[in-house]
Amino acid sequence: MSRPSAPTPSERVADPFVHEALLHEGVVGFLDGTMKFIYEGFSLDEPTLVAAPAGNVTLLRERLGAFADGVAFLDMQEAGRNPGRIIPWVLCKFMDKHPGRRVRIVAQTVWPERTAEEYPGCVQHEAMVNIALAGREATLLCPYDLARLDRRRIDDAHRTHPTMVDDNGRYPSAAYDPQDANRSGNVPLSEPPAGATTLRFELESLVDVRRRVAEVGLDADLVPDRIVDLQSAVNELATNSIQHGGGSGTLRTWYDDERVVCEVRDFGHVTNPMIGRLRPPHGRGRGLVMVHYLADLVQRHTSTTGTATRIHVLR
């Protein structure tokens with residue numbers, strides 16, 4: 001039995017936003033699928049961005065030759081190291097540069113070297129894209145390498161993308177369920193190491209929070225600018241705990257050879273998965289979005305008993 005074909009972008013009338021997963025085999029499949037996508041953009045005069053790991057960016061630049069000048073490129077291992085940065089600071093930022101025009105974006109969020117800590121945020125990102133960008137004039141193609149990714153990651157691609165693309169064409173995903181995928185990314189955080197410090201805080205002790213963050217940053221030999229970034233991010237989380245998480249919270253800090261970690265726990269329950277993932281209009285309420293911007297990774301687990309948010313900054 002043949003599979004039903006998915007509607008082409010021009011046939012979609014309910015939502016101009018198109019979110020597709022490219023299932024490919026290795027380098028050859030990646031180049032074939034993405035080059036076709038990029039050249040279609042040229043023919044339609046659509047601004048095009050490639051946001052992918054550095055190696056794949058290099059491959060596409062070389063294959064495009066002189067045509068590469070007509071494409072914007074970003075190293076996703078840098079710009080999207082923290083999956084929470086991708087919607088506001090990669091996708092929306094590019095779309096906002098081209099108001100009134102349809103854009104297309106190659107956005108590779110999942111690659112084999114993604115860590116176990118990063119991956120739940122990747123699943124939530126791919127699921128929330130469908131909500132965050134609904135109504136936007138954009139076509140998003142997300143490559144998934146069948147030769148290098150495990151079964152779980154391919155299954156998650158089917159759950160988070162309404163349309164799949166492979167050698168047989170385009171077809172609707174029978175497993176598409178972004179709400180379930182988002183819930184699956186809400187995993188409890190591991191316990192901190194034995195040497196972690198703990199500080200209980202309230203409104204009057206926010207200065208102690210900033211001091212404790214500075215201390216762990218200095219102990220870990222973070223450069224001054226990154227200590228300031230870490231202080232700003234943790235201060236925003238702590239302030240949010242006081243305002244929305246029961247009036248107090250707990251800060252835990254530690255570091256290892258690779259990173260400095262600060263965790264804020266409170267009694268709040270985050271019910272809106274888009275919080276911190278979109279830049280609010282008119283600059284209001286940007287704090288949680290800036291937390292994602294400043295950190296190299298943000299992990300969050302929330303339930304009816306409370307919320308834990310963990311910020312990682314690389315050393």
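Going by an unreviewed UniProt entry, the protein chain carries the name Anti-sigma factor RsbA family regulatory protein and comes from Dactylosporangium vinaceum.

Undergrad: Explanation requested: the pattern of salt bridges in the structure shown.
TA: Close approach of charged atoms allows side chains with opposite charge to pair. All chains considered together, the criterion is met by 27 salt bridges. Here E113 makes a salt bridge to R148, at a shortest N to O gap of 2.9 Å. Of this pair, E113 sits in the loop between strand 4 (103-107) and helix 5 (119-132) while R148 sits in the loop between strand 5 (138-145) and helix 6 (151-160); the two residues are 35 residues apart in sequence, bridging distant segments of the chain. With a relative accessible area of 48%, E113 lands in the partly exposed category. Here R153 and D150 are joined by a salt bridge, their closest N and O atoms 2.9 Å apart. According to the relative accessible area criterion, R153 is buried, its value standing at 12%. Residue classification places D150 among the partly exposed positions, given a relative accessible area of 38%. One continuous salt-bridge network, built from bridges that share partners, spans E78, R81, R85, R226, D229 and D296.

Undergrad: Is there a simple way to think about the packing of helix 4 (residues 86-96) against helix 5 in this case?
TA: Two quantities define a packed helix pair, namely the angle between the axes and the distance from one axis to the other. Here helix 4 crosses helix 5 at 55 degrees, and the two axes come no closer than 11 Å. Looking at the two axes, helix 4 sits oblique to helix 5. Relative to helix 5, helix 4 is oriented so that their crossing is right-handed. Across the interface between the two elements, I86, I87 and L91 from helix 4 touch H125, M128, V129 and A132 from helix 5. A class-by-class count of the residues in the contact of helix 4 with helix 5 yields six nonpolar, one polar and no charged.

Undergrad: It is not clear to me how the sheet that holds strand 11 (residues 297-303) should be interpreted in this structure. Could you clarify?
TA: Strand pairs in the sheet, formed through backbone hydrogen bonds, run parallel or antiparallel to each other. The five strands are arranged 8-9-10-12-11 in an open sheet whose pairing can be described as antiparallel. Single-partner strands in this sheet number two, and they are strand 8 (197-201) and strand 11. For this sheet the average axis-to-axis angle between neighbouring strands, irrespective of direction, equals 15 degrees. In the sheet, strand 10 (residues 259-266) pairs with strand 12 (residues 306-314) via eight bridges, with the strands oriented antiparallel. What sits directly across from R259, in strand 12, is L314.

Undergrad: Looking at this structure, how should I read the sheet that holds strand 6 (residues 163-166)?
TA: One open sheet holds the seven strands; their spatial order is 3-2-4-5-1-6-7, and the pairing between them is mixed. Looking at the sheet topology across the chains shown, the edges are occupied by strand 3 (72-75) and strand 7 (169-172). The average angle at which neighbouring strand axes cross in this sheet is 20 degrees, direction not considered. Of the strand pairs in this sheet, strand 1 (residues 18-24) and strand 6 are connected by three bridges, and their pairing is parallel. Its bridge partner being in strand 6, A21 is matched across the sheet by M164.

Each value, and the rule that gives it
- Residues numbered from 1 in each chain as written.
- Predicted model: local features only at pLDDT ≥ 70, side-chain atom pairs only at ≥ 80, totals over all residues.
- Heavy atoms only, no water.
- Salt bridge = Lys/Arg side-chain N within 4 Å of Asp/Glu carboxyl O.
- Helix = DSSP H or I, 4+ residues; strand = E, 2+ residues; numbered from the N terminus.
- Buried < 20%, exposed > 50% of the residue type's maximum accessible area, 1.4 Å probe, protein only.
- Axes fitted to C-alpha atoms, helices over the stretch in contact; angles between N-to-C directions.
- Parallel < 35°, antiparallel > 145°, perpendicular 65-115°, else oblique.
- Left-handed = near helix turned anticlockwise from the far one by under 90°.
- Contact = heavy atoms within 4.5 Å.
- Nonpolar A, V, L, I, M, F, W, Y, C, P; charged D, E, K, R; others polar.
- Pairing = 2+ DSSP bridges.

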